[in-house]
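# Structural characterization, general
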Amino acid sequence: AARRGTMGSARLLDGLVFLLMCYFMLMNVTVERSYCHAPITRESTCFLCQETVDFCEANNPLFLERPEWMRLATCFSAYGFLPFYATIALACLTAGWKEKRFRVPILLFLGAKLNALLFYHAMEFLSHAPPQNLVAYFGVEGPYLVSIALVLNKIAASSKAPAKRD
């Protein structure tokens, strides 16, 4: 029964990570790609753009200023990170955390993503317009950091798990 509980919580964690990856991919193909190509304004018609403007006016004005470093970082995320989010989602669906074909690209991606997040947040907080409402700011940005911890946990747990016997 304890093993069944552990298996159930592992699948629940897979489900949470899968949903986070879906959210990140949605942001890649909507807001991030729109931001990459043009400023997001009240006149923008892309999916979730009006919500983004509302949020940024209140919590992240620097995003709306669109400094070049942020535009480039967002473009890189919009076009470069999606395949890795899809790889993590596939690892969730197949419980493939032990498989080298998943582990190696996922671990390399997590290193790159963590580096990108640290740079992004350092630039945000050291800018002339740092986020003022940290709860709201990290409510939106926090899932990226949480997902890294969850995926590392999944990979570490799979390293300790006994090999499957057929």
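As a reminder, the structure under discussion sits directly above these lines.
One structure accompanies this document, and this report is about it. Worth saying up front: this structure is predicted, and the values here are computed from it rather than measured.

With respect to the helices, strands and loops of the structure, Lys113 is situated in helix α5 (residues 100–125). Put simply, Lys113 is tucked away with no salt bridge, and the nearest opposite charge, on Glu32, sits 6.0 Å away.

A ring pair, where both rings are aromatic, is described by two values, the distance of the centres and the angle of the planes. Evaluation of the coordinates by the stated rule reveals 15 aromatic pairs. A ring pair is formed by Phe125 and Tyr137, whose centres lie 5.4 Å apart and whose planes are at 85 degrees; its orientation type is edge-to-face. You can see Phe125 sitting in helix α5 and its partner Tyr137 sitting in helix α6 (residues 134–160), a full 12 residues away along the chain. When its relative accessible area of 31% is taken as the criterion, Phe125 is described as partly exposed. Of the residues examined, Tyr137 reaches a relative accessible area of 1% and is grouped as buried. In this arrangement the basic side chain of Arg66 is found over the ring face of Tyr35, its NZ or CZ atom lying 5.5 Å from the centre.

Turning next to a nonpolar patch on the surface. On the surface, a nonpolar cluster with roughly 490 Å² of combined accessible area is contributed by Leu114, Leu118, Phe125, Leu134, Phe138 and Leu145. Breaking the nonpolar patch down by element, the ones donating at least two residues are α5 and α6.

Take the nonpolar core next. Ranked by internal contacts, the top residues of the largest apolar core, which has 34 residues, are Val17, Met21, Tyr85, Ile88, Trp97, Ile106 and Val151. Going through the elements one at a time, α1 (2–37), α2 (49–59), α3 (61–65), α4 (68–94), α5 and α6 are the ones with two or more residues in this core. Counting residues per element, this core draws most heavily on α1, which supplies eight residues. Apart from residues no more than four positions distant in its own chain, Val151 is found in contact with Val17, Ile88, Trp97, Ile106 and Leu110.

Criteria and cut-off values
Residues numbered from 1 in each chain as written. Predicted model: local features only at pLDDT ≥ 70, side-chain atom pairs only at ≥ 80, totals over all residues. Heavy atoms only, no water. Helix = DSSP H or I, 4+ residues; strand = E, 2+ residues; numbered from the N terminus. Buried < 20%, exposed > 50% of the residue type's maximum accessible area, 1.4 Å probe, protein only. Lys, Arg positive; Asp, Glu negative; His and termini not counted. Salt bridge = Lys/Arg side-chain N within 4 Å of Asp/Glu carboxyl O. Phe/Tyr/Trp six-rings, centres within 6.5 Å; stacked < 30°, edge-to-face > 60°. Lys NZ or Arg CZ within 6 Å of the ring centre and 35° of its normal. Patch = residues over 30% accessible without salt bridge, like charges linked within 9 Å, V, L, I, M, F, W, Y side chains within 5 Å. Areas by Shrake-Rupley, 256 points an atom, 1.4 Å probe, with all protein chains shown as cover. Core = buried A, V, L, I, M, F, W, Y, C linked by side-chain atoms within 4.5 Å. Contact = heavy atoms within 4.5 Å.

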